[in-house]
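A closer look at the structure
As a plain string of letters, each chain reads:
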Amino acid sequence: MTPLLEIEGLRTVFRTSAGEVPAVDGVSLSVERGKTLGIVGESGCGKSVLSLSIMRLVAHPGRIAAGSVQLEGKDLTTLSPSAMRDLRGRDIAMIFQEPMTSLNPVHTVGFQVTEGVRAHEPGLSAAELRARGIEALRRVRIPSPERRFDEYPHQLSGGMRQRVMIAMALAGQPKLLIADEPTTALDVTVQAQILDLLRELQAETGMAVILITHDLGVVAEMADDVAVMYAGKVVEHTDARRLFEDPQHPYTLGLLGSIPRLDEEREDLLAIRGTVPPPFALPPGCRFAPRCPFAINACNEAQPPLLPIAEGHGAACIRAPVEKALAA
Amino acid sequence: MTTAIEAPRKPSVLRMLMRDVGGTISLVLVVLILLTALLAPWISPRDPYETDLLAIMQPPNETYWLGTDGQGRDILARMLYGLRVTLAMGLASLIFGGVIGAVVGFCAAYYRRADGTLMRLMDILLSFPAILFGLALAAIFGPGETSVVIALSIATIPLMARIVRGSALVVMGLDYIEAARAIGMSDARLIWRHLAPNCLSAIFVFSTLRLGQVILLGSALSFLGLGAQPPLAELGAMAAQGRNFLFIAPHISVIPSVGIFVIVLAFNLLGDALRDALDPRLRI
């Protein structure tokens, strides 16, 4: 069976005074029906631009320069703008990081939840819309949805707003939900509730989820597959268990080493030195080489491709597997 | 979660306005001005076009509360009717110019590719003074209210476009615009439902302030003889008609001028008070 979503060699560039710089550079990924793909990386690694590229919502001066995004065999990069608009909210929906600003303060919760339904199924009566909206709010476990329907966003808490956002996204019954850091702005306890909710809804509806996050804990809890992104490229791609048990790319190792643990003797965190290179000043070879403790001269010569090092496990590193590199 | 805690109600704009003395006074004045203009035919003591050559240039007295002009017409009646013309010209220019300007502003903020071109066009419009537009249009179409309204509309377009673009750009950066796009909304719907309502306060404040300016400009054009033509009662034109008698009967010019002053002042004060009441940066 073909995967629900298949991204091939996607490249999104932004035009700046320094020329065109890539934010997403040759990313290939796929998402199976009903599964969750986690995309992990630091700020500025291109994970949000990747999600906007899938939705074709990259704003000027950015544009998709190459590659394809196939949803059930349909290439989204070549669809007409109106066909694409039709597909947003119905086939693919998205939720955002900041629930405080993701709802329009001048409209009621109900208006916003039913907005997608109104856009995609014109001609419903006010009573039908209301029923659909209340049902959507109930599905995301919002207490007394009948009353919440008529309230304004400022009357709701952050976690409640994120639930409203999810209700909005799911109102069109999408096959794919892109969640861009859905819990980053929330309290830890509320985070867990929202993640639970997402998992329950996924089980109910069978939708696929792309979960974009910088939080490896969220990935461990939610994702089936994980892609680690660095400077616009996927550097490691495997299933969630293997990523934590047997990470192969030095960057992934660095990320895992940066997490404080409660169950071990306290030692210094293995923070990755330096910062992500800006997209207009990328190193010529491997983009991680300048920060990599395992780098050798050859790393600076050519960009390593994402190669399989085991069944279902790819890493873009010429020194992988690392055990071999360490032994040498 | 059985007992929901209600967020405190936001005080209404009206209440915020009334907190301020200037706001209260200007609001009362503006309401009075509008009522007077609306009710002119009922409250006017006599016909504004009726001449009485036995009672010309009379200073204010018991019969003619505000005196009479050079042709013996009642200045009070002419003020009441003139107010209607002046306000109507101002409102018409504000609405035509404002609507076109707002559409341009929204398009510039929404379609970033068109932004540069649209705003340079607005800059070109902005570089011509409104009086010059009035002169040019009066030369083309002949003097009259239509020319004034077109001239003032054109002069309002770039100003409104800049105000709307500015506040729409801020709103465009917020996540709910992205979220609305992500559920597949059309551009027109997004602009109308999400962008416009969030720019309304800026539009209101600017419109109120601009109405005062437009009224002043319209009266100035009429004063210069490019707008309302005699015998039509219009405040600027009335002030112009008293010009020749400035030393023997100053009230003929002074009274309409004071009228213009009060109207412009009222709208300016109301605009300032509205800005204080609506500006989120000042609201805590």
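Bear in mind that the values here come from a model prediction, so they are computed numbers and not experimental data.

Counting its regular elements, chain A contains twelve helices and twelve strands. For 328 residues, the compact-globule estimate of 2.2 N^0.38 gives 20 Å, and the C-alpha radius of gyration of chain A, at 21 Å, lies within 12% of that figure. Taken along its principal axes, the extent of the C-alpha atoms in chain A is 70 × 50 × 45 Å. Across the 328 residues in chain A, those meeting the buried criterion constitute 45%.

Here we take up the UniProt feature "domain: ABC transporter" (unreviewed entry) in chain A. According to UniProt, the "domain: ABC transporter" (unreviewed entry) feature falls on residues 5-256 of chain A. The distance from the first to the last C-alpha atom of residues 5-256 of chain A is 28 Å, and the span holds 38% helix and 28% strand.

Residues and elements named next belong to chain A. Within the open sheet, the eight strands sit side by side as β6-β7-β8-β3-β9-β10-β12-β11. Their pairing is mixed. Either end of the sheet is taken by a strand with one partner, and the two such strands are β6 (92-95) and β11 (307-310). Across the sheet, the mean angle from the axis of one strand to that of its neighbour is 25°, orientation sign disregarded. Here strand β9 (residues 225-230) pairs with strand β10 (residues 233-239) via six bridges, running antiparallel. What sits directly across from M229, in β10, is V234. Most of the contacts of helix α7 (residues 158-170) go to β6, to which it runs at about 170°, and overall it touches β6 and β7 (176-180).

As a further point, take the nonpolar core. Ranked by size, the top nonpolar core spans 171 residues in total, and within it A167 and L176 of chain A carry the most contacts. Here this core gets 17 residues from one element, more than from any other, and that element is helix α3 (residues 75-110) of chain B. Excluding residues within four positions of it along the chain, L176 of chain A makes contact with L4, L5, V31, D91, I92, M207, A208 and I210 of chain A.

All names here are of chain A. What you see with β6 is no split at all: I92 and M94 on one side and A93 and I95 on the other are buried throughout. Pairing of β6 with β7 involves four bridges; the strand directions are parallel. When the sheet's bridge partners are listed, I92 is paired in β7 with L176.

Right, let's talk about the environment of Q229 of chain B for a bit. Residue and element names in this part refer to chain B. Locating Q229 in the fold gives a position in the loop between α8 (187-223) and α9 (235-241). Linking Q229 and I33, residues 196 residues apart in sequence, is a C-alpha distance of 23 Å. The contacts of Q229, once residues within four sequence positions are left out, are P143 and G144.

Time to look at the sheet that holds strand β4 (residues 62-71) of chain A. Residues and elements named next belong to chain A. Ordered in space as β2-β1-β4-β5, the four strands form an open sheet in which the pairing is antiparallel. Two strands bound the open sheet, and with one partner strand each, they are β2 (19-31) and β5 (74-75). Looking at chain direction, β4 and β5 are connected through two bridges and run antiparallel. Counterpart to L71 in the pairing with β5 is K74. In the packing of helix α1 (residues 47-55) onto the sheet, contacts are made with β1 (5-16), β2 and β4, and the angle to β2 comes to roughly 75°.

The next subject is the interface of chain B and chain A. Reports of interface size often rely on the accessible area that becomes lost once the parts have come together. Contacts between the two partners involve 18 residues from chain B, matched on the other side by 28 residues from chain A. Every element with two or more residues in the side of chain B that touches chain A is listed here: α4 (112-126), α7 (175-182) and α8 of chain B. For the side of chain B that touches chain A, the leading source of residues is α7 of chain B, giving six residues. Taken together, the residues of the side of chain B that touches chain A break down into nine nonpolar, four polar and five charged.

Let us look at the pairing of β7 of chain A. All names here are of chain A. With five of five residues buried, β7 lies mostly within the body of the structure. Alternating residues of β7 divide into L176, I178 and D180 and L177 and A179, and every residue in both groups is buried. Judged from the five bridges that link them, β7 and strand β8 (residues 208-213) form a sheet pairing that is parallel. Of the residues in β8, the one forming a bridge with L177 is V209. Crossover connection from β7 via helix α8 (residues 188-205) to parallel β8: handedness right-handed.

Rules used in this analysis
Residues numbered from 1 in each chain as written. Chains lettered and ligands numbered in written order. Predicted model: local features only at pLDDT ≥ 70, side-chain atom pairs only at ≥ 80, totals over all residues. Helix = DSSP H or I, 4+ residues; strand = E, 2+ residues; numbered from the N terminus. Rg over C-alpha atoms; globule rule 2.2 N^0.38 Å. Buried ≥ 20, exposed ≤ 12 C-beta atoms within 10 Å, placed from the backbone. UniProt positions renumbered as here; feature names shortened; annotations may be inferred. Pairing = 2+ DSSP bridges. Axes fitted to C-alpha atoms, helices over the stretch in contact; angles between N-to-C directions. Contact = placed C-beta atoms within 7 Å. Core = buried A, V, L, I, M, F, W, Y, C linked by C-beta atoms within 7 Å. Nonpolar A, V, L, I, M, F, W, Y, C, P; charged D, E, K, R; others polar. Right-handed = clockwise from strand over helix to strand, strands pointing away.

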